[in-house]
Amino acid sequence: MVDVFEQVEEDLRSDRYSRMARRWLPIVGGVLALALALALAWWGWDTWQTSQANKASVAYDRGMEALQANNVTGADSAFAEAAKVGNGAYKALALSQQAGLALQRNDKDGAVRLLEQAAKASRDPLLSDQASLKAVFLLMEGRIDAATFADIQKRLEPLTKEGRPLRAFAQEALALAQLQMGQTQPARAAFVQLQLGQDVPEQVRQRAQAAIDTIDTGIAPALPQIVGGMDAIPPTSSLTPEQRGQAPAASATPAAPAQ
């Protein structure tokens, strides 16, 4: 009798396992198939990204070589290719180089547009903020009106926030724009803050002192020289570790657009 009960119990257990298998095996199989598909998709995407980055690297290097050989057309074509196929870093660098070439053609508006695209291309704040600052410097050339000042202020304010890699340069640019608009006291207060601030690059500190002296002595003609001195944003290697952030290892700081 005990053997009969054990046989019945075993049959019931086997039947229960069979029902569970019929119910769950398709679900488990589907989950495994989905996981495999996602893994293959990620592998394919990563492989494609690496391939595109390599193509962009080759094109960017070709553009730099063309620049050194004074082959402007070839350089522009190579940078355009790098911007088209590259990741955010290479796209930002290539677009910034194209902006420099646009300035050589006296196409200031085109250069500003290219720098705006470069600023949006990369999530690295060092690259994006650098492109944004260069665009602002171009907008600040010559006399600026109220509309241009409002545009400059809108572009610079995000770059002046705590933790941005080129914060001091953005604060300096905003103070100079204020000075150009005749907002002397706010500009002077900003220059004093830069002159006394922590982690301010020495060249910015010196220009801030020069600007303060200009305001205090009323030597307005000195302003264009101060603005001109700002155009050379330092390369990444000259920034402090706090300012530097994490620049792409394969990237090089683009040359400042020719004035």
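Before reading on, note that the structure itself is shown above.
Not measured: the values here are computed from a predicted model. Numbering of residues begins from 1 in every chain and follows the order in which that chain's sequence is written. Local features in this predicted model are restricted to residues of pLDDT 70 or higher, and side-chain atom pairs are both shown and tallied only at a pLDDT of 80 or more, whereas totals for entire chains, interfaces and linings draw on every residue. Hydrogens and water are ignored here; the side-chain numbers use all heavy atoms of the structure.

1. Overview of the packing of helix α5 (residues 125-139) against helix α6 (residues 146-156)
Angle between the axes and distance between the axes are the two parameters that describe a pair of packed helices. Contact geometry of α5 with α6 gives a least axis separation of 10 Å together with a crossing angle of 165 degrees. By the angle class used here, α5 and α6 are roughly antiparallel. Crossing of α5 over α6 shows left-handed handedness. Judged by residue contacts, Leu133, Ala135, Val136 and Leu139 of α5 engage Thr148, Asp151, Ile152, Arg155 and Leu156 from α6. Fitted lines through C-alpha atoms give the axes, limited to the stretch in contact for helices. The angle between two N-to-C directions lies from 0 to 180 degrees. Counting from the N terminus, the helices are the DSSP runs of H or I reaching at least four residues and the strands are the DSSP runs of E reaching at least two. Note on angle classes: values under 35 degrees are labelled roughly parallel, values over 145 roughly antiparallel, values of 65 to 115 roughly perpendicular, and the remainder oblique. Here is the rule for handedness: rotate from the far helix to the near one, and if that takes an anticlockwise turn smaller than a right angle the crossing is left-handed, while a clockwise turn gives right-handed. In this analysis, two residues are considered to be in contact whenever any of their non-hydrogen atoms come within 4.5 Å of each other.

2. Considerations on the packing of helix α4 (residues 108-121) against α5
Running from N to C, α4 and α5 cross one another at 160 degrees; their axes reach a closest spacing of 8 Å. Considering the angle they form, α4 stands roughly antiparallel to α5. In terms of crossing hand, the pair formed by α4 and α5 is left-handed. Note on element contacts: α5 touches α4 through Ser128, Ala131, Ser132, Lys134, Ala135, Leu138 and Leu139, opposite Lys108, Ala111, Val112, Leu115, Ala118 and Ala119.

3. Remarks on the nonpolar core
Burial of nonpolar side chains together is a common tendency in soluble globular proteins. With 60 residues, the main nonpolar core has Tyr60, Leu133, Met140, Ile152, Leu156, Phe191 and Leu194 as its most contacted residues. Ranked by residues supplied to this core, first place goes to helix α3 (residues 88-104) with 10 residues. For our purposes a nonpolar core is just a set of buried Ala, Val, Leu, Ile, Met, Phe, Trp, Tyr and Cys residues, chained together by side-chain atoms within 4.5 Å. The buried label goes to any residue with under 20% of its type's maximum accessible area, the exposed label to any with over 50%, and the partly exposed label to all in between, with areas taken from a 1.4 Å probe on protein chains only.

4. Description of the packing of aromatic side chains
By convention, a stacked pair of Phe, Tyr or Trp rings (six-membered ring in the case of Trp) has centres within 6.5 Å and planes under 30 degrees apart, an edge-to-face pair has planes over 60 apart, and any other such pair is tilted. Summed over all chains, the structure comprises two aromatic pairs. Aromatic pair Tyr60 and Phe79: ring centres 5.4 Å apart, planes at 55 degrees, arrangement tilted. Here Phe79 lies in helix α2 (residues 72-85) and Tyr60 lies in helix α1 (residues 2-68), a separation of 19 residues in the sequence. Phe79 carries the same exposure label as Tyr60, and that label is buried.

5. Topic: unusual backbone geometry
Even without being a glycine, Asn106 presents a positive backbone phi close to 60 degrees. In this structure, Asn106 sits in the loop between α3 and α4. On the basis of relative accessible area, Asn106 is assigned to the exposed category, the value being 70%. Even without a glycine there, the phi angle at Asp199 is positive, about 55 degrees. Within the secondary structure, Asp199 is located in the loop between α8 (184-196) and α9 (202-217). Judged by relative accessible area, which is 52%, Asp199 ranks as exposed.

6. Quick look at α3
Take the number of residues in a helix, subtract one, and multiply by 1.5 Å to get its expected span. Taking 1.5 Å as the rise per residue, α3 with 17 residues should run 24 Å; its terminal C-alpha atoms sit 25 Å apart, in good agreement. Counting buried residues in α3 gives 14 out of 17 residues, a clear majority hidden from the surface. Taken from the residues just after α3, Asn106 is the one with a positive phi, measuring 60 degrees.

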